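What follows is the residue order along each chain.
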Amino acid sequence: MAGVTDRPFRQLCRRMGAGLVVSEMVTSDTRLWNSRKSRLRLDHTGEAAPVSVQIAGGDPGMMADAARENVRRGAQIIDINMGCPAKKVCKKAAGSALLRDEKLVREILEAVVGAVSVPVTLKIRTGWCTESRNGVRVARMAEDIGISALAVHGRTRACGYHGQAEFDTIAEIVSRVGIPVFANGDITGAERAREVLDYTGAAAVMIGRAAQGRPWIFRETAHYLATGERLPEPSAEEVRDILLAHLGELHRFYGEVMGVRIARKHVGWYLKTLADSESFRKTFFQIESAEAQHASVHEWFERRITRGAQAA
Ligand SMILES: Cc1cc2nc3c(=O)[nH]c(=O)nc-3n(C[C@H](O)[C@H](O)[C@H](O)COP(=O)(O)O)c2cc1C
């Protein structure tokens, strides 16, 4: 997820049990890779294998070049974005907007698969709009061209993020292709993951927004899928430790100024899942230094932990 799954967050999710993580999308226009934002997105230092990098764009030649260049920089999987409502990259359709043009989809997939020797995966939605759910056709085409696995978000491009994800089209795609399909959309916990896997027959589930501020969702889900047992919620001490380590990684990765800003977003997500956090959230958002962010989170958790111990 652009703006969310940066390297610190991906590494945390892997440690917490995610089987595979994918980079934020990088534009296929390599001329734009000199910006600080792109440079950080292209940095995979220390990441656990397999490193999967998502590329976005609408020009087959540029997508092929971007794939090759990412492999040269360490990508072990190239993922093509045809699933995100990014409208345009360089005045051309990109992301899920491509699904309307199946000829162009074919050209892009052929160009990228032909350009690299690592596996190429594809992320799509169920189709362009509800009247034209061409996800099955695109999936079959992708398999023919040599795509290794397919992630499908159970909404059409036109749906944006409205309504509920639907899994009938994903089930149909699973039944019509031989490559692994990852089901995606509104999976908020372990039990839902089990239901979606059973309903669709998919090889895996992919979790996005529900991992924001709750990276342990991967541990819980993996455990539940393997054993049928629910893990207890993490303790306040563990959440504190995870959050403080995450903060430290963000500050190191982005540097203090940008790190402090990006940390606000993540801390906001963690706090959303915790009771009585609203006023702290407001205070935290005013803090301007890395050290003060760290200290304030530490103190806030200390107070909660002490209160919890006194109440027990
Ligand atoms: C902030 C945000 C950024 C996203 N960026 C991307 C992206 O770069 N590439 C992509 O394939 N999907 C992107 N997505 C879509 C998600 O990968 C996922 O398909 C969608 O959120 C549905 O799954 P979820 O309900 O588990 O979040 C993004 C979603 C959000 C909310």
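Structure's up top.
In short, a report on the structure. Computed from a prediction, not measured in an experiment: that's the story for all the values here.

This paragraph deals with the sheet that holds strand 6 (residues 120–127). Taken in spatial order, the 7 strands make up an open sheet running 1-2-3-6-7-8-9, and their pairing is parallel. Edge positions in the sheet fall to strand 1 (26–27) and strand 9 (204–206), since each has one partner strand and no second. Sheet topology places strand 8 (residues 181–184) next to strand 9; 3 bridges connect them, and they run parallel. Bridge pairing in strand 9 places A183 opposite V205. Its contacts with the sheet place helix 3 (residues 60–72) against strand 1, strand 2 (52–56) and strand 3 (77–82), and it is angled at close to 160 degrees to strand 2.

On to helix 4 (residues 102–115), then. Given 3.6 residues per helical turn, the α-helix brings residues three or four places apart onto the same face. Taking 1.5 Å as the rise per residue, helix 4 with 14 residues should run 20 Å; its terminal C-alpha atoms sit 20 Å apart, in good agreement. Inspection of helix 4 places L104, V105, I108, L109, V112 and A115 among the buried residues, and these make up the whole buried set. Within helix 4, the buried residues cover an arc of 140 degrees as seen down the axis, which keeps them to one side. Summarising the geometry of helix 4, the exposed residues directed more than 90 degrees from the buried face are K103 and G114.

Attention now goes to the nonpolar core. Within the largest apolar cluster, 87 residues are counted, with the highest numbers of intra-cluster contacts made by M82 and L122. Per-element tally for this core: the top contributor is helix 9 (residues 236–254), with 8 residues. For L122, the contacting residues outside a window of four places in its chain are D79, I80, M82, L109, V138, A142, I147, A149, L150 and A151.

Our next topic: the side chain of N81. Residue placement: N81 occurs in strand 3. Separated by 3.2 Å, the side chains of N81 and Q54 make a polar contact.

Procedures and definitions
Residues numbered from 1 in each chain as written. Predicted model: local features only at pLDDT ≥ 70, side-chain atom pairs only at ≥ 80, totals over all residues. Heavy atoms only, no water. Pairing = 2+ DSSP bridges. Helix = DSSP H or I, 4+ residues; strand = E, 2+ residues; numbered from the N terminus. Contact = heavy atoms within 4.5 Å. Axes fitted to C-alpha atoms, helices over the stretch in contact; angles between N-to-C directions. Expected span 1.5 Å × (residues − 1). Buried < 20%, exposed > 50% of the residue type's maximum accessible area, 1.4 Å probe, protein only. Arc of directions from axis to C-beta. Core = buried A, V, L, I, M, F, W, Y, C linked by side-chain atoms within 4.5 Å. Polar contact = N/O pair within 3.5 Å; in protein donor to acceptor, adjacent residues only side chain to side chain.

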